[in-house]
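# Fold and geometry: a report
The lines below spell out each chain.
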Amino acid sequence: MMKKPHQKIALLAAAAVVGTNIFMSGSVTADKSANVGKKSSEIAVTAKSDYGSYEEAIAQLMQQGVISGYSDGKMKPHQNIKRAEFAKMLVLGLKLESNKDDIQLEDVKQADWYYKYVDTVAELGVMKSEDGKFKPNSNITHAEMAEAIAKGLQRDVMSIRSWMDGYSADQFATRGDALQLLATSQKSIRSESAKMTNIRSLNKVTMEVTFNQPLTQENESLEAGMSHFVFDNGLKLVNQPRLKTGSFSTYILPTTTQTPGTTYTLNYRDSQSLKVEASDELIRTNEARQVDKDSFEIEVLKSDGVVDYGYMISVYSGGRGSNAMILDENNTNNGQQYQIVPSLRSRNVMITPEGGEPMTAHYLPFTQSTDGNQEPKFRLANGAKLKPGVKYTVTSDWLTLKNPAFVAKEAASVQINSVAQVDASHLNVTLSQDPGDEIFVQREVKLTGSDGSEAKAQYTVQSRKGATGTFVMQNEAKLTTGVTYTVQPIGDWAVSPEALTLQRSSSLNPILFLSLPKSVNSHRE
């Protein structure tokens, strides 16, 4: 596994001009005498006409000691940049550090001027080397440059690309491209001392907070988020802060339901506070519909100007394909303004049968944007079931539905076709057909061993691959070599085919064969 880059806390301060120039003409050799005795400001004056539209970026990076120009003071921004040149710029511009000095590349020697920079980016995994070669004198493409900066910043590539003018994956990057992108990217260097600059409420369950710099990855974690972001008046964070794709340091905060007319104070790390007015805006959704005997989903449509946060936060952008999007500071994309659905962790809605009492339904984790759809799932509590023929209406204090009612139908249980061991703690449960979405969530099976032992296994969220989901043994139970197990669904969420009784192998790569009963135990444990 590649190590994560270490980045210093503060933004880059002005530094002495580095002796070895970042830009060289011709082959990759250092002109060590080019600017001896000259100050960076003197060099800049000699050929300022060469800077063009990159003047601001050049001035910023020269002040920091990241670049110093050629012997004639020119930056030659329209020439292609070499990998060795970019490695040096990246290390100095993003303050990347490596504690190792043992790089082993065929085409990089310790005597080379760029050795320590290549050593750093290679050891941190920020720039790739293939077949033991770094190719320091080769050109770098836009795609390679964006990927390297993304790794250096611990950000998503989609954001970095959006910061470039005229991005084209296979096009060779010029020195100007690199200068401009690096200067822009410095706004996204993570900082332990980041300070809030603005906060606003987007809707009844969503806040948006902007910092002067992005938080460290540790401070973006769930544990740190719940501890560092503290509201008054009973409002709480329900999940970790999530950095918006394309932004430098703006975060989505999912909150418990806000009370309209209330002014909340957010205290960040006991060191800074900002006030924000609660929103009375409900999440706009389309319709509720039954999914299973005890579950239903609520459809959310981008065509209605509502987008799930999973499509527009940095951490998920790489896996969302065409659904990944960038919202600007006004939360618009291509002229369309969007309402943001935050994490629905710990969220509930009410569902009321016609002529009956309201029931609470709980959100099923990791179901709000799956299989390319925005359809969060909710399940009835305590083994309750939807009764066929009965009309149900879904209501909530944090969302509104165009079509809140549906008539429940008889829902057939899914059929388990096979169960196989992954290891001593995990099982793969395969259904007769792909159920779609995350219908497995929170489902359990019971294992009864021929030695009289009993154990439970529960579905592991986001493990489904087609019709197969992975279940993990609960309470640290392990499967025992030589024991035959019978597997039963807990509850009537599934049925099994005819019994399959096979024995687990004790080989180095053991395979577990399990018995599936003909009957289904409907008792929920």
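All residue numbers refer to positions counted from 1 along the written sequence of the respective chain. Since the coordinates come from a predicted model, pLDDT governs what is reported: local features require at least 70, and pairs of side-chain atoms require 80 or more to be given and counted, while whole-chain, interface and lining totals use all residues. Side-chain metrics in this entry use all non-hydrogen atoms of the structure; hydrogen atoms and water are not considered.

### As for the overall build of the chain
In DSSP terms, a helix is any run of H or I states spanning at least four residues, a strand is any run of E spanning at least two, and both are numbered starting from the N terminus. Counting its regular elements, the chain contains 8 helices and 29 strands. Only protein chains enter the calculation, and the probe is 1.4 Å; a residue is then buried if its accessible area is under 20% of its type maximum, exposed if over 50%, and partly exposed in between. Across the 525 residues of the chain, 50% fall into the buried class. Sequence-distant contacts, at least 24 apart, represent 66% of the contacts inside the chain between residues at least 6 apart. Entry remark: accessible area of the chain is about 23900 Å², with carbon and sulfur atoms responsible for 47%. We call two residues in contact whenever any of their non-hydrogen atoms come within 4.5 Å of each other. Each accessible area is a Shrake-Rupley result for a 1.4 Å probe, and residues are judged covered by the shown protein chains and nothing else.

### Some points on the side chain of Thr265
Within the secondary structure, Thr265 sits in strand 8 (residues 263-268). Whenever two N or O atoms come within 3.5 Å, that pair is a polar contact, provided that in protein one can donate a hydrogen and the other can accept it, and provided that, for residues adjacent in sequence, both atoms are side-chain atoms. Engagement of the side chain of Thr265 in a polar contact is seen with the side chain of Lys275, the distance being 2.9 Å. The contacts of Thr265, once residues within four sequence positions are left out, are Val230, Phe231, Asp232, Ser273, Leu274 and Lys275.

### Notes on the environment of Gln290
Residue placement: Gln290 occurs in strand 10 (residues 283-290). Sequence separation between Gln290 and Ala405 is 115 residues, and the spatial gap between their C-alpha atoms is 9.9 Å. If sequence neighbours within four positions are ignored, Gln290 has contacts with Ser295, Phe296, Leu386, Phe406, Val407, Ala408, Lys409 and Ala411. In terms of polar contacts, Gln290 uses its side chain to reach the backbone carbonyl oxygen of Asp292, at 3.1 Å.

### Quick word on the packing of helix 3 (residues 83-94) against helix 7 (residues 175-185)
Between N-to-C directions, angles span 0 to 180 degrees; the directions come from axes that are lines fitted to C-alpha atoms, helices contributing only their stretch in contact. Axis separation between helix 3 and helix 7 bottoms out at 11 Å; the angle between their running directions is 15°. As the angle between them shows, helix 3 and helix 7 are arranged roughly parallel. Considering how the two elements wind past one another, helix 3 and helix 7 form a crossing that is right-handed. Touching Glu85, Phe86, Met89, Gly93 and Leu94 of helix 3 are Arg175, Ala178, Leu179 and Leu182, all from helix 7. Roughly parallel means an angle under 35 degrees; roughly antiparallel means over 145; roughly perpendicular covers 65 to 115; every other angle is labelled oblique. Handedness of a helix crossing follows the sense of rotation of the near helix relative to the far helix, less than a right angle counterclockwise being left-handed and clockwise being right-handed.

### Brief notes about the environment of Ala494
Considering the arrangement of structural elements, one finds Ala494 in strand 28 (residues 494-495). Note: C-alpha distance between Ala494 and Val414 (80 residues apart in sequence) is 4.7 Å.

### Focus: the environment of Asp294
Along the chain, the position of Asp294 falls in the loop between strand 10 and strand 11 (295-298). Each C-alpha atom, one on Asp294 and one on Ala411, is 9.2 Å from the other, the two residues being 117 residues apart in sequence. Polar side-chain contacts of Asp294 include one of 2.9 Å to the side chain of Ser295.

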